[in-house]
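Chains, contacts and geometry: an overview
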Amino acid sequence: MTKERDYSIDLIKIIAMMGVMALHSMIYYIIPGKTGLADILYDMGMVSMPLFFMVSGYLLIPRKTNNYRYVMRKIWGIVRFVTIVVSVFVLFRVLFHKDDFFSVIYEYPHAFIGTGRFYVFWYFTAIMMCYLLVPWLSVLYHRYFKQYAYVTVLLLIVQCFFFSNSLTNKFSGHLFEYDILAIFRIWYTIFYFLLGGMLARIKDVKIHGVLVCFLFCIALAYKEVFDKVIGTEFASLFYSSVPVLLLVTCMFIYIKGLEIKNKHARLVIKEMSNLFLPVYAIHSFIIGHLPHHHYDGLACAPLITLFVVMSLSLGISFVLMRIPMMNKIFRI
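As the structure is a prediction and not an experimental result, all values here were calculated from the model. (Residues numbered from 1 in each chain as written. Predicted model: local features only at pLDDT ≥ 70, side-chain atom pairs only at ≥ 80, totals over all residues. Heavy atoms only, no water.)

Structural notes on the overall build of the protein
The helix and strand tally for the protein stands at 16 helices and zero strands. What you see for the protein is a C-alpha radius of gyration of 20 Å, in line with the 20 Å of a compact globule of 332 residues. Counting only residues that meet the buried cut, the protein has 50% of its 332 residues in that class. Within the protein, contacts between residues at least 6 apart in sequence are counted, and of these 81% link residues at least 24 apart. Entry remark: accessible area of the protein is about 16700 Å², with carbon and sulfur atoms responsible for 70%. When the 30 basic and 17 acidic side-chain charges of the protein are each reduced to a single mean position, those positions are 13 Å apart. (Helix = DSSP H or I, 4+ residues; strand = E, 2+ residues; numbered from the N terminus. Rg over C-alpha atoms; globule rule 2.2 N^0.38 Å. Buried < 20%, exposed > 50% of the residue type's maximum accessible area, 1.4 Å probe, protein only. Contact = heavy atoms within 4.5 Å. Areas by Shrake-Rupley, 256 points an atom, 1.4 Å probe, with all protein chains shown as cover. Lys, Arg positive; Asp, Glu negative; His and termini not counted. Charge placed at Lys NZ, Arg CZ, Asp CG, Glu CD.)

Here's the deal with the packing of helix α10 (residues 186–199) against helix α12 (residues 242–256)
One can describe the packing of α10 onto α12 by two numbers: an axis separation of 11 Å at closest approach and a directional angle of 35°. The crossing of α10 and α12 is right-handed. Note on element contacts: α12 touches α10 through Val244, Leu245, Val248, Thr249, Phe252 and Ile253, opposite Phe191, Tyr192, Leu195 and Leu199. When the residues that make up the contact of α10 with α12 are grouped by side-chain class, the tally is nine nonpolar, one polar and no charged. (Axes fitted to C-alpha atoms, helices over the stretch in contact; angles between N-to-C directions. Left-handed = near helix turned anticlockwise from the far one by under 90°. Nonpolar A, V, L, I, M, F, W, Y, C, P; charged D, E, K, R; others polar.)

Examining helix α7 (residues 122–143)
Look at α7: 32 Å from first C-alpha to last across 22 residues, which is about the 32 Å you get at 1.5 Å a residue. At Val134, α7 is bent by approximately 50°, the largest bend along its length, and proline Pro135 sits one to four residues beyond. (Expected span 1.5 Å × (residues − 1). Bend = angle between axes of the 7 residues up to and from the residue.)

What to know about the packing of aromatic side chains
Under the criterion given, the structure shown has 25 aromatic pairs. Residues Phe52 and Phe276 carry aromatic rings whose centres are separated by 4.9 Å and whose planes lie at 45° to one another, so their mutual orientation is tilted. Placement of Phe52 in helix α3 (residues 48–60) and of Phe276 in helix α14 (residues 276–288) is noted, with a sequence separation of 224 residues between them. The class for Phe276 is buried, based on a relative accessible area of 12%. Seen from their ring centres, Phe124 and Tyr280 are 5.3 Å apart, and the 70° between their planes marks the pair as edge-to-face. Of this pair, Phe124 sits in helix α7 while Tyr280 sits in helix α14, placing them 156 residues apart in sequence. For Tyr280, a relative accessible area of 2% corresponds to the buried category. Ring-pair connections join several aromatic residues into one group, and the members of that group are Phe52, Phe53, Phe81, Phe89, Phe118, Phe121, Trp122, Tyr123, Phe124, Phe276, Tyr280 and Phe285. Stacked on the ring of Phe285, the Lys or Arg Arg117 has its end atom at 4.0 Å from the ring centre. A cation over a ring is seen here: Arg201 above Tyr141, with NZ or CZ 4.7 Å from the ring centre. (Phe/Tyr/Trp six-rings, centres within 6.5 Å; stacked < 30°, edge-to-face > 60°. Lys NZ or Arg CZ within 6 Å of the ring centre and 35° of its normal.)

Some details on a nonpolar patch on the surface
A grouping of Ile27, Tyr28, Tyr178 and Phe234 is seen on the molecular surface, where their side chains present a nonpolar patch of about 380 Å² in accessible area. Turning to its location among the elements, Tyr28 is positioned in the loop between α1 (7–26) and α2 (37–44). By relative accessible area, which is 47% here, Tyr28 ends up partly exposed. (Patch = residues over 30% accessible without salt bridge, like charges linked within 9 Å, V, L, I, M, F, W, Y side chains within 5 Å. Salt bridge = Lys/Arg side-chain N within 4 Å of Asp/Glu carboxyl O.)

With respect to the packing of α1 against α3
Contact pair α1 / α3: the axes reach a minimum separation of 8 Å and the direction vectors enclose 150°. As judged from the angle between their axes, α1 and α3 are roughly antiparallel. Two packed elements cross with a definite hand, and for α1 against α3 that hand is left-handed. Here Ile9, Ile12, Lys13, Ile15, Ala16, Met17, Gly19, Val20 and Leu23 of α1 come into contact with α3, specifically with Ser48, Met49, Leu51, Phe52, Val55, Tyr58 and Leu59. A class-by-class count of the residues in the contact of α1 with α3 yields 13 nonpolar, two polar and one charged. (Parallel < 35°, antiparallel > 145°, perpendicular 65-115°, else oblique.)

A word on the nonpolar core
Membership of the largest hydrophobic core comes to 113 residues, with the highest contact counts inside it found for Phe81, Phe121 and Tyr192. Take this core: its biggest share by element is 12 residues, from α7. For Phe81, the contacting residues outside a window of four places in its chain are Phe121, Phe124, Leu277, Ala281, Ile329 and Phe330. (Core = buried A, V, L, I, M, F, W, Y, C linked by side-chain atoms within 4.5 Å.)

With respect to the state of the cysteines
Counted under the stated rule, the structure contains zero disulfides. Of all cysteine sulfurs, the one in Cys217 lies closest to Cys213, which takes part in no disulfide; the gap is 6.9 Å. (Disulfide = S-S within 2.5 Å.)

As for the environment of Ile75
Here Ile75 shows up in helix α4 (residues 68–96). As a C-alpha pair, Ile75 and Tyr131 span 56 residues in sequence and 7.4 Å in three-dimensional space. For Ile75, the residues in contact, after removing those within four places along its chain, are Met128, Tyr131 and Leu132.

Some thoughts on the confidence of the model for the protein
The pLDDT averaged across the protein works out to 86; a share of 93% of its residues lies at or above 70. Averaged over each element, pLDDT in the protein is lowest for helix α9 (residues 169–172) (54) and highest for α3 (95). (pLDDT = per-residue confidence, 0-100.)

Details of α1
When the terminal C-alpha atoms of α1 are compared, their 28 Å separation across 20 residues agrees well with the 28 Å that a helix rising 1.5 Å per residue should span. Most of α1 sits inside the fold, with 16 of its 20 residues counted as buried.

Structural data, given as structure tokens:
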């Protein structure tokens, strides 16, 4: 008997996917030291990466059949996907832009470390690092849950250290976290992965939507105040903050508690959730080719940009997933 699909988890993935597009498209409109529409839309997206890692931990760690054969199969799917996407880009640059092959081949290693044209792909390497820990974490989870909890708390303490350092940047003049590649910021990537596993143990706990909205406002206000102290707008520095931690935890529990029974809503959620990989792969290219300067004088320019990015990313991804070969590539 097959397990019924969890549409609430699909909905969390969709929210995280939308947040990623908001993060990467709004950065063009943010003016340091000022708060505007773009800042609010950008800040709303800062829940996306924690939610992605939490979903993966929620789905994988509680499994009782985790082993390295299963994990390596998932890792191979990611490596294959990234390699194919970068190869298509390299081929395009060589054939249509007459770039020298050796001038673009560097995109392969850069894609895996999260720099260069595929800077957003740091997520894939970070999640592969989490996958490598799954068999060990699964044993802790099922046999030695106290030790599992201790590891989670330890990573939380490390998070507090790094975020405290960020807040004292005004005095130290140096952001230590920026010296570390995103793929190695394991204090929050693995922490949220572990937190997802812990939330899988929570049953019959309901959180009111009003509380989630309240925490959302607190997190947005907190970031807008303290990004002036830190001296940077980048959301990644706030993943370790207490307001974001509380927000994503309550948001996860709230959405998990939703009963999605409508047949049409289920169909839409399922289809959109399946678009995650193609959307993640192409949205940065769409953003990079938009003529932002043509309408950046408009007050609603951020909304226009976000609408265009989301519409094109979802539309193109939907078409790609209807092609059998592409559907196979974009599934891990």
